[in-house]
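One letter stands for each residue in the lines below.
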Amino acid sequence: MPDRPPARPEEVFSCRAARYATSKVHDDRMTLSWLVDAAAPSAEEIALDVGTGAGHTAFALAPRVRAVEAVDLTEEMLEEARKLARKRGIRNVRFSLADAMSLPFGDRSFDIVTCRRAAHHFTDLERALAEMARVLRLGGRLVIDDRSVPDDEDTAALINRLDAIHDPSHVKDRSPCEWSSLIQGTGLELLGMRPYRRRMPLSHFTDMTWR
Ligand SMILES: C[S@@+](CC[C@H](N)C(=O)[O-])C[C@H]1O[C@@H](n2cnc3c(N)ncnc32)[C@H](O)[C@@H]1O
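Criteria and cut-off values
Residues numbered from 1 in each chain as written. Predicted model: local features only at pLDDT ≥ 70, side-chain atom pairs only at ≥ 80, totals over all residues. Helix = DSSP H or I, 4+ residues; strand = E, 2+ residues; numbered from the N terminus. Contact = placed C-beta atoms within 7 Å. Near = placed C-beta within 6 Å. Nonpolar A, V, L, I, M, F, W, Y, C, P; charged D, E, K, R; others polar. Buried ≥ 20, exposed ≤ 12 C-beta atoms within 10 Å, placed from the backbone. Arc of directions from axis to C-beta. Pairing = 2+ DSSP bridges. Axes fitted to C-alpha atoms, helices over the stretch in contact; angles between N-to-C directions.

> Provide a residue-level description of the environment of Val 12, including the pertinent values.
Of note, Val 12 is situated in helix α1 (residues 9-22). Sequence separation of Val 12 and Asp 167 is 155 residues, and the distance between their C-alpha atoms is 7.3 Å. In contact with Val 12, other than residues within four places in its own chain, are Ala 7, Asp 167, Pro 168 and Ser 169.

Below is the structure:
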């Protein structure tokens, strides 16, 4: 685990926003399509994307639903997302500033909630998950894509340390077992987990030009 408290995500992501907009790692159509399939969207549904960043998940969902609300804590990320939406002619996504730990939406407002590669930044993941479950209607689907670590504590600590070097706002990667009990703690039914690997060179974590 990092030996310093994590930086605020807004501090880190405000400087990186433009890079996320063009990042092939984040605009990765194959894993985005897996996420959309898991959400099982239909044309009349409304989705919420939490920690939307430059909007890649919201854009992948947009053609398959009526509307997408997309929220993030970093205004610069939202600006990049709005630019990208204009460039791609996507009109059914609305971007706004919000904290995953306190979502500004009523109970049972959404058919689908997604959260991709953002949960490891949340300082209170249980609370963020409770918020996502609260805004989901009965029969709705929550789809989370996030890094994970093995159960082995030393390996998990090493990976978390590398993540904190790459991103000072990193809080914690969870193992699949931890994810399973976190989801069950929300009262939602865990329908499945789909592991996939992303291969990153070590320099991805140690490259200081991201800072
Ligand atoms: C690695 S980016 C991922 C963005 C996007 N979901 C994707 O897959 O491309 C993580 C995003 O989470 C946002 N974030 C971090 N903590 C947050 C919080 N508490 N509430 C909302 N967004 C948050 C950051 O501002 C950043 O835009």
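> Talk me through the site of the ligand; I want residue IDs and the actual numbers.
Looking at the ligand, there are 21 residues lining it, with Pro 9, Gly 51, Gly 53, Thr 74 and Ala 118 nearest. Listing elements by their share of the shell around the ligand, those giving two or more residues are α1 and α3 (56-61). When its residues are assigned to classes, the shell around the ligand shows nine nonpolar, eight polar and four charged.

> Break down helix α2 (residues 29-39) for me, with residues and values.
Of all the residues in α2, the buried ones are Leu 35, Val 36 and Ala 39. End-on view of α2: buried residues confined to an arc of 100°, all on one side of the axis. Residues of α2 that are exposed and point more than 90 degrees away from the buried face comprise Met 30, Ser 33 and Asp 37. Looking one or two residues beyond α2, the residue adopting positive phi is Ala 40, at roughly 45°.

> So what's going on with unusual backbone geometry? Which residues, and what values?
Positive phi, close to 45°, is recorded for Ala 40, a residue that is not glycine. Topologically, Ala 40 is positioned in the loop between α2 and β1 (46-50). The backbone of Arg 108 shows a phi angle near 55°, a positive value even though the residue is not glycine. Mapped onto the fold, Arg 108 is located in the loop between β3 (93-97) and β4 (110-116).

> Can you break down the sheet that holds β3 residue by residue, with the values?
An order of β3-β2-β1-β4-β5 is seen for the five strands of this open sheet, with the pairing classed as parallel. What marks the edges here is a single partner per strand, and that holds for β3 and β5 (136-145). Across the sheet, the axes of successive neighbouring strands diverge by a mean angle of 20°, strand direction being ignored. Pairing of β1 with β4, which is carried by four bridges, proceeds in the parallel orientation. Bridging from a neighbouring strand, Leu 48 pairs with Val 113 of β4. Lying on the sheet, α2 is in contact with β4 and β5; it crosses β5 at an angle near 160°. Where helix α4 (residues 75-88) meets the sheet, it contacts β2 (67-72) and β3, and its direction lies at approximately 165° from that of β3.

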